[in-house]
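# Report on the structure
Residue strings, one per chain:
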Amino acid sequence: MRCVINKKICLLAMTNLRRISTNGCYPRLADKIAIAIQKRCFCNPFNVIIQVMGRITDIQKQKRNKTRVSIFIDDEFVCGLDEVAACSARLKVGDEITPEELKSVMKKSELNSAFERAVSYLSSSPRSKKEIRKYLKDKDYDVDIIAQTISKLEAYRYIDDYTYAQSYIKSKSKKYGSFRIASELKGKGVAAEIISELLEGDETDCAAYDVAKKYIKSHKTTDKQKLKRFMAGRGFSWSAISDAVSRLAEEGAFDSDDEYYD
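Computed from a prediction, not measured in an experiment: that's the story for all the values here.

Counting its secondary structure elements, the protein contains 12 helices and 4 strands. Burial analysis of the protein (262 residues in total) assigns 37% to the buried set. Across the protein, every contact between residues at least 6 apart in sequence was considered, and the portion connecting residues at least 24 apart equals 58%.

Moving on, we come to the pairing of strand 2 (residues 68-73). Across the 6 residues that make up strand 2, a large majority, 6, are buried. Neither face of strand 2 is left uncovered, since the one carrying Arg68, Ser70 and Phe72 and the one carrying Val69, Ile71 and Ile73 both have all their residues buried. As defined by bridge partners, strand 1 (residues 54-61) adjoins strand 2 across 5 bridges and the pair is classed as antiparallel. Bridge pairing in strand 2 links Asp58 to Phe72.

Quick look at the pairing of strand 3 (residues 76-82) now. Counting buried positions along strand 3 yields 5 of 7 residues, so the element is predominantly enclosed. By the bridge criterion, 6 bridges tie strand 2 to strand 3 in an arrangement that is antiparallel. Looking across to strand 3, one finds that Ile73 is bridged to Glu76. Where strand 2 folds back on strand 3, the antiparallel hairpin that results is connected by 2 residues, among which Asp74 adopts a positive phi of roughly 55°.

The next subject is the confidence of the model for the protein. Chain-level pLDDT for the protein is 80 on average; 75% of the residues reach the 70-or-more range. Across residues 1-8, confidence stays below pLDDT 50; counting only partners more than four residues off in sequence or on other chains, it has 29 contacts. Segment residues 38-50 is flagged for pLDDT under 50; beyond a separation of four residues in sequence, or across chains, it makes 31 contacts in the model.

Sheet architecture is open: 4 strands sit in the order 3-2-1-4, paired in antiparallel fashion. Of all the strands in the sheet, just strand 3 and strand 4 (96-97) have a single pairing partner and so form its edges. Seen against the sheet, helix 4 (residues 99-124) touches strand 2, strand 3 and strand 4 and runs at an angle of roughly 45° to strand 3.

The next thing to look at is the nonpolar core. Ranked by internal contacts, the top residues of the largest apolar core, which has 16 residues, are Leu227, Met231, Leu248 and Phe254. Residue assignment for this core shows that the elements contributing at least two residues are helix 10 (205-219), helix 11 (224-233) and helix 12 (238-250). Ranked by residue count, the leading element in this core is helix 10, at 6 residues. Residues within four places of Leu248 in sequence aside, it is in contact with Tyr209, Ala212, Lys213, Ile216, Leu227, Ala253 and Phe254.

Tallied over the full model, the rule gives 9 salt bridges. In this structure, Arg180 and Glu184 form a salt bridge, with 3.2 Å as the shortest nitrogen-oxygen distance. On the criterion of helical spacing, the pair formed by Arg180 and Glu184 is a turn pair, its members being 4 residues apart in helix 8 (residues 178-187).

So, about the packing of helix 4 against helix 5 (residues 129-138). Look at helix 4 against helix 5: their axes get within 10 Å of each other, and the N-to-C directions meet at 125°. As judged from the angle between their axes, helix 4 and helix 5 are oblique. Crossing of helix 4 against helix 5: the hand is right-handed. Within the contact between the two elements, helix 4 uses Ala114, Arg117, Ala118, Tyr121 and Leu122 and helix 5 uses Glu131, Ile132, Tyr135 and Leu136. Of the residues assigned to the contact of helix 4 with helix 5, the class counts are 7 nonpolar, no polar and 2 charged.

In this section: the side chain of Glu131. With respect to the helices, strands and loops of the structure, Glu131 is situated in helix 5. Under the relative-accessibility criterion, Glu131 is labelled buried at 17%. Discounting chain neighbours no more than four positions away, the residues touching Glu131 are Tyr121, Pro126, Tyr164 and Lys188.

What follows concerns helix 12. With 13 residues, helix 12 ought to run about 18 Å at 1.5 Å a step, and its terminal C-alpha atoms sit 18 Å apart, in line with that. The set of residues buried in helix 12 consists of Ala240, Ile241, Ala244, Val245 and Leu248. One face of helix 12 carries all of its buried residues, which in axial projection span an arc of 125°. Facing away from the buried side of helix 12 by over 90 degrees, the exposed positions are Trp238 and Glu250. In the segment just after helix 12, Gly252 is the residue with positive phi, at about 80°.

Cut-offs applied
Residues numbered from 1 in each chain as written. Predicted model: local features only at pLDDT ≥ 70, side-chain atom pairs only at ≥ 80, totals over all residues. Heavy atoms only, no water. Helix = DSSP H or I, 4+ residues; strand = E, 2+ residues; numbered from the N terminus. Buried < 20%, exposed > 50% of the residue type's maximum accessible area, 1.4 Å probe, protein only. Contact = heavy atoms within 4.5 Å. Pairing = 2+ DSSP bridges. pLDDT = per-residue confidence, 0-100. Axes fitted to C-alpha atoms, helices over the stretch in contact; angles between N-to-C directions. Core = buried A, V, L, I, M, F, W, Y, C linked by side-chain atoms within 4.5 Å. Salt bridge = Lys/Arg side-chain N within 4 Å of Asp/Glu carboxyl O. Parallel < 35°, antiparallel > 145°, perpendicular 65-115°, else oblique. Left-handed = near helix turned anticlockwise from the far one by under 90°. Nonpolar A, V, L, I, M, F, W, Y, C, P; charged D, E, K, R; others polar. Expected span 1.5 Å × (residues − 1). Arc of directions from axis to C-beta.

Below, the structure written as structure tokens:
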């Protein structure tokens, strides 16, 4: 949970960490932990709970992001919250708030933020669950927040690995063979069962033939062996490559001498 903490708290935490370190031998570690405390409210690497309790003295809309508000407790800035989460919690100036209540609102705020980011990420292109998970992890969201966001996206039917794989295969099958597509889908976290089901018998001789013919035309070559290596690199099966090459040979695309090197 991201939050900027009162400088006094950070200094106190750093001082205490230096005291508990072995004769002050790890000051750099203490400094790093103090910085981590500034970035992550309530918890540090040693699971020390930072108690923030008091009265809300101000709630200000943030200048850079109008959808978020800054929360001040006892005249000190404590954290930024998603406006929706703050409104749903009915936070208002003058209210007393406990650490548990604030943590709960912050978690809802983080969930809203993660969900909005994920939806924005999906708007440019379909993504697999693994891709969404990695994207949110790179944005420093908590594992629990990421899991809840994935579940929410699935509930809204914004992500579905089966549908994603179908779309991916359709977009790639005109250029690549089933071996390469399967490898790429595996790398994107799609289950092997889904890949096997969708790619079973999917590769067509027509696709392999079209790719082979385009290669010969663009490279102005009649080298059959180079073509086969190219097709293999594109992930086409040996049978699809052989059928495509045989069809092109019948059309006179290769020199007759190449027949001796099949």
